[in-house]
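Each chain, letter by letter, is given below.
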Amino acid sequence: MAHQEGIALMQAAPEDVEQLCTSLQQFNRPFTAGGPESELRMVARDTAGALLGGILADVALGWLEIHVLWVEPAQRSTGLGSTLLEPCERHALELGAHSARLDTFDWQAEGFYARHGYAVFARLGDYPPGHERVFMSKRLQQPLAEERSEPPSEALHKCR
């Protein structure tokens, strides 16, 4: 490992993390001029208020980046995942996204995303050993007028 005289490596403090992120954003700004970043955050709850699932994503640089889509095990195969994903994609389109990307693992939801039009563009083997991390993307499209519908509840549509 290379060592430079007079430089000490140490754990980053919260203010260091903030400064590093700000510095990188400033460096990138001339190359990334366009729409602003938007956070998309959405959850689904039952009538008692229990959390059933949610999606956490961002729109930046023309892309929807999905970080988390979680559905409680008892709610899987009920359509709740689609109920979360589809309005998030529509909202991303409204914010100017043209495409979406995400990553998952081979034991998670690759088939679910494939059914929603996502295609694999990369796989990392042994991530963790014996498994793969799967990277997927898709081009977002406006739904046909007859396919457009409002989400089941206004609260569900609140992505921010």
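As the structure is a prediction and not an experimental result, all values here were calculated from the model. (Residues numbered from 1 in each chain as written. Predicted model: local features only at pLDDT ≥ 70, side-chain atom pairs only at ≥ 80, totals over all residues. Heavy atoms only, no water.)

The subject of this paragraph is the overall build of the protein. Helix and strand content of the protein: 4 helices and 6 strands. Ordered by position from N to C terminus, the α and β elements of the protein give α-β-β-β-α-β-α-β-β-α. Sorting the 160 residues of the protein into buried and exposed places 31% on the buried side. Across the protein, contacts joining residues at least 24 apart in sequence account for 53% of those joining residues at least 6 apart. Accessible surface for the protein amounts to roughly 11,100 Å². Of this, 54% is attributable to carbon and sulfur atoms. (Helix = DSSP H or I, 4+ residues; strand = E, 2+ residues; numbered from the N terminus. Buried < 20%, exposed > 50% of the residue type's maximum accessible area, 1.4 Å probe, protein only. Contact = heavy atoms within 4.5 Å. Areas by Shrake-Rupley, 256 points an atom, 1.4 Å probe, with all protein chains shown as cover.)

The next point concerns the pattern of salt bridges. What the rule picks out here adds up to 8 salt bridges. When salt bridges that share partners are traced, they join Glu65, Arg101, Asp103 and Arg133 into one network. (Salt bridge = Lys/Arg side-chain N within 4 Å of Asp/Glu carboxyl O.)

Turning next to the sheet that holds strand β5 (residues 119-125). Pairing is mixed in the open sheet, where 6 strands are placed in the order β1-β2-β3-β4-β6-β5. Where the open sheet ends on each side, the last strands, each with one partner, are β1 (38-45) and β5. Strand-to-strand, the axes of this sheet are offset by a mean angle of 20 degrees, without reference to chain direction. Pairing of strand β2 (residues 51-60) with strand β3 (residues 63-71) involves 8 bridges; the strand directions are antiparallel. Bridged to Gly53 within β3 is Val71. Against the sheet, helix α2 (residues 80-94) makes contact with β1, β2, β3 and β6 (132-139), and its axis sits at roughly 160 degrees relative to β3, the strand it touches most. (Pairing = 2+ DSSP bridges. Axes fitted to C-alpha atoms, helices over the stretch in contact; angles between N-to-C directions.)

Bear in mind that shape data such as this cannot, by itself, settle questions of function.
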